[in-house]
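# Summary of the model geometry
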Amino acid sequence: MQDFNERKTQFWLNSAHFTNDIYTGMLNPIMPFIAMKLGITMAIATIVLSLSHICASLLQPVFGFFADNLQKRAFIFWGILFTSVFISFAPAAKHLGVLIAFVILGSLGSSFFHPQALGLAVRFTKTDVAKNMGIFMGLGTLGFASGPIISAGVTQYLGLDRMPILAIIGITVGITMFLFVPKIKDDEKEIKTHKDFTDTFKRILTNRRLNLLNVIAMLKTLVTTSSCILLPFLWKEMGYNAFYIGFALFAFNFAGGIGSFLSRGFEQKVGTENVFYFSMMMTFPMMVVFALTYKTIPTASLIVFILMGLVQWLAVPVTMVMAQSTIPEYKSIIGGFINGFSWGVVAIIMTGIGFIAQAKGIIPVLLVVSLIPAVLSYPIVKKLFKLVNEVK
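The shown structure was predicted, so the numbers you read here are calculated from the model rather than taken from an experiment.

## Section: the packing of helix 3 (residues 42–57) against helix 10 (residues 208–237)
Closest axis-to-axis distance for the helix 3/helix 10 pair is 11 Å, and the angle between their directions is 145°. The handedness of the crossing between helix 3 and helix 10 comes out as right-handed. Of the residues in helix 10, those in contact with Met42, Ala45, Thr46, Leu49 and His53 of helix 3 are Thr225, Ile229, Leu230 and Phe233.

See the structure below:
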């Protein structure tokens, strides 16, 4: 049973995570319209979005290292402020260079926020860590889901130039969170056994169990990111408006949030190993159904796309808890790897995928991308649980 202080702290951390991730989800659905406004191609727009994911994700382990060592709340506070202000102003940019600058600064804010927030979510949990992590991850996903429909709604009815007004939400939540998330008292701070940067990352990067969990996170992120970046361009070409595209991404990511909430119960029923298999293997047949129906039965294809989000996120909290329990003294850094570094690596890959999709077509690319985790799931997951059983 959670005490009042634990509930209060978790509430504000979860609220901040929800709000921060609203902004990280804003750009995908409206990027085709930003591209049209600035006169850039889908391939260039994909690179801009990839830069966003790279800056929001790839540096998370580094910021996690400093968060674990400093053990201050500054990362979550400044992180949410940077994210909310600069991402809100990005769509109103008049030039590509300004757009890129705002996207980078806003995304770095998210990179600041996530590792420490993940670490504090565990630090301030005294009861069921897996359940609370599912709630924390789920609310972040729901925030990420809300971003598209909010930005698409503003774009559709007010215009891209009015997007900066959305910064007010993040600024308000950031200040309020800073008032209510408790400071880490000196007598509660963990003993700093990981001051050396090189030794810390060497230990993490040479851990075979963590490496496999990172690969799983990357494979699943590859499908999610490719879908959320490329499908808005497909739907715009088909004549759908900004609000429809925003709703589709909202529903996809909202279902992912539900998947995070259901993750713990699903794991208890089918077992941890089967959660990974189901989540990684089912995406390909669902993408095939989407490819066969998106032109002829668009409602059915949308339903399949939404369910794909739920399936994708079932294994995310499981992956995070398993990773953080591997080397528990590095909670923020490992959170940065699983929740950030994997997204950053995929974002680098996406810079090439955008050009391939422009040349070969969006649907063929998505089919290949969704096939990869389905094929690799058995050998990777089998190896992972062999290592887990050896430790036991």
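So much for the structure itself; the text now carries on.
## What about empty space enclosed by the protein?
One pass over the full model with this rule turns up six cavities of 30 Å³ or more. By volume, the largest cavity amounts to about 310 Å³. Elements with a minimum of two residues in the lining of the largest cavity: helix 1 (4–24), helix 3, helix 5 (74–89), helix 6 (96–123), helix 7 (129–157) and helix 16 (331–360). Looking at side-chain class alone, the lining of the largest cavity contains six nonpolar, 14 polar and one charged residues. Taken as a whole, the second largest cavity spans an internal volume of roughly 170 Å³. For the second largest cavity, the lining is made up of 13 residues, of which Ala217, Thr221, Trp313, Val316 and Trp343 are closest to its centre. The element that contributes the greatest number of residues to the lining of the second largest cavity is helix 10, accounting for four residues.

## Considering helix 9 (residues 197–205)
Side chains three or four residues apart in an α-helix point the same way, a direct result of the helix having 3.6 residues per turn. Of the positions making up helix 9, those classed as buried are Thr200, Phe201 and Ile204. Looking straight down helix 9, one finds its buried side chains confined to an arc of 85°; they lie on one side. Residues Thr198, Asp199 and Lys202 are exposed on helix 9 and point more than 90 degrees away from its buried face.

## What to know about the pattern of salt bridges
Counted under the stated rule, the structure contains four salt bridges. Note that lysine 37 and aspartate 161 form a salt bridge whose closest N and O atoms lie 3.5 Å from each other. Pair noted here: lysine 37 is in helix 2 (residues 27–38) and aspartate 161 is in the loop between helix 7 and helix 8 (167–180), with a separation of 124 residues, a long-range link. Overall, the relative accessible area of 33% leaves lysine 37 in the partly exposed class. Across the salt bridge formed by lysine 94 and aspartate 161, the nearest N and O atoms sit 3.2 Å from each other. Of this pair, lysine 94 sits in the loop between helix 5 and helix 6 while aspartate 161 sits in the loop between helix 7 and helix 8, placing them 67 residues apart in sequence. Overlapping salt bridges bring together Lys37, Lys94 and Asp161 as one network.

## A short note on the packing of aromatic side chains
Counted according to the given criterion, the structure contains 18 aromatic pairs. Pairing phenylalanine 11 with tryptophan 12 gives two aromatic rings, centres 5.0 Å apart and planes at 85°, and the pair type is edge-to-face. Among the residues examined, tryptophan 12 registers a relative accessible area of 19% and is labelled buried. On the basis of an interplanar angle of 75° and a centroid distance of 6.4 Å, the ring pair of phenylalanine 89 and phenylalanine 102 is categorised as edge-to-face. You can see phenylalanine 89 sitting in helix 5 and its partner phenylalanine 102 sitting in helix 6, a full 13 residues away along the chain. Phenylalanine 102 gets classed as partly exposed once you look at its relative accessible area, which sits at 23%. Feature note: the residues Trp235, Tyr240, Tyr244, Phe252, Phe290, Tyr294 and Phe305 constitute an aromatic cluster, connected by ring pairs. Between the NZ or CZ atom of lysine 236 and the centre of the ring of phenylalanine 33, over which it lies, the distance is 5.5 Å.

## Let's talk about the packing of helix 2 against helix 3
Interhelical geometry of helix 2 versus helix 3 gives an angle of 145° and a closest axis separation of 10 Å. The interaxial crossing formed by helix 2 with helix 3 has right-handed handedness. Here helix 2 contributes Leu27, Asn28, Met31 and Ala35 to the contact with helix 3, which in turn contributes Ala45, Val48, Leu49 and His53. A class-by-class count of the residues in the contact of helix 2 with helix 3 yields six nonpolar, two polar and no charged.

## Section: the confidence of the model for the protein chain
Residues of the protein chain with pLDDT of at least 70 account for 90%, and the chain-wide mean is 86. In the model of the protein chain, helix 4 (residues 60–70) stands out as the element of lowest mean pLDDT, 72, in contrast to helix 13 (residues 283–293), which has the highest, 96.

## Quick look at helix 8
The first and last C-alpha atoms of helix 8 sit 21 Å apart over 14 residues, in line with the 20 Å expected at 1.5 Å per residue. Listing the buried residues of helix 8 in full gives Ala167, Gly170, Val173, Gly174 and Met177. End-on, the buried residues of helix 8 take up no more than an arc of 135°, which puts them together on one face. Counted as exposed and oriented over 90 degrees from the buried face of helix 8: Ile168 and Leu179.

## Let's talk about the nonpolar core
Counting 57 residues, the largest nonpolar core has Leu230, Phe290 and Ile362 as the members making the most contacts within it. A per-element tally of this core places helix 10 first, with nine residues. Setting aside chain neighbours within four positions, we find leucine 230 in contact with Thr46, Met350, Ile353, Ala357, Ile362, Val365 and Leu366. Of all hydrophobic cores here, the second largest spans 50 residues; its members include Phe201, Leu219, Val316 and Leu384.

## Considering a nonpolar patch on the surface
On the surface, a cluster of nonpolar side chains totalling about 500 Å² of accessible area is made up of Tyr157, Leu158, Ile165, Phe243 and Phe247. One can find phenylalanine 243 in helix 11 (residues 242–270). Using a relative accessible area of 31% as the deciding quantity, one classes phenylalanine 243 as partly exposed.

## Quick word on the environment of valine 275
Within the secondary structure layout, valine 275 lies in helix 12 (residues 272–281). By relative accessible area, valine 275 is classed as buried at 0%. Each C-alpha atom, one on valine 275 and one on serine 226, is 22 Å from the other, the two residues being 49 residues apart in sequence. Apart from residues no more than four positions distant in its own chain, valine 275 is found in contact with Phe266, Glu267, Val270, Leu314, Ala315 and Val318.

Conventions we followed
- Residues numbered from 1 in each chain as written.
- Predicted model: local features only at pLDDT ≥ 70, side-chain atom pairs only at ≥ 80, totals over all residues.
- Heavy atoms only, no water.
- Axes fitted to C-alpha atoms, helices over the stretch in contact; angles between N-to-C directions.
- Helix = DSSP H or I, 4+ residues; strand = E, 2+ residues; numbered from the N terminus.
- Left-handed = near helix turned anticlockwise from the far one by under 90°.
- Contact = heavy atoms within 4.5 Å.
- 1 Å grid on protein atoms, 1.4 Å probe; cavity = no way out; pocket = protein on both sides within 12 Å on 5 of 7 lines; lining within 4 Å.
- Points joined across faces, edges and corners; volume = space filled by probe spheres on them.
- Nonpolar A, V, L, I, M, F, W, Y, C, P; charged D, E, K, R; others polar.
- Buried < 20%, exposed > 50% of the residue type's maximum accessible area, 1.4 Å probe, protein only.
- Arc of directions from axis to C-beta.
- Salt bridge = Lys/Arg side-chain N within 4 Å of Asp/Glu carboxyl O.
- Phe/Tyr/Trp six-rings, centres within 6.5 Å; stacked < 30°, edge-to-face > 60°.
- Lys NZ or Arg CZ within 6 Å of the ring centre and 35° of its normal.
- pLDDT = per-residue confidence, 0-100.
- Expected span 1.5 Å × (residues − 1).
- Core = buried A, V, L, I, M, F, W, Y, C linked by side-chain atoms within 4.5 Å.
- Patch = residues over 30% accessible without salt bridge, like charges linked within 9 Å, V, L, I, M, F, W, Y side chains within 5 Å.
- Areas by Shrake-Rupley, 256 points an atom, 1.4 Å probe, with all protein chains shown as cover.

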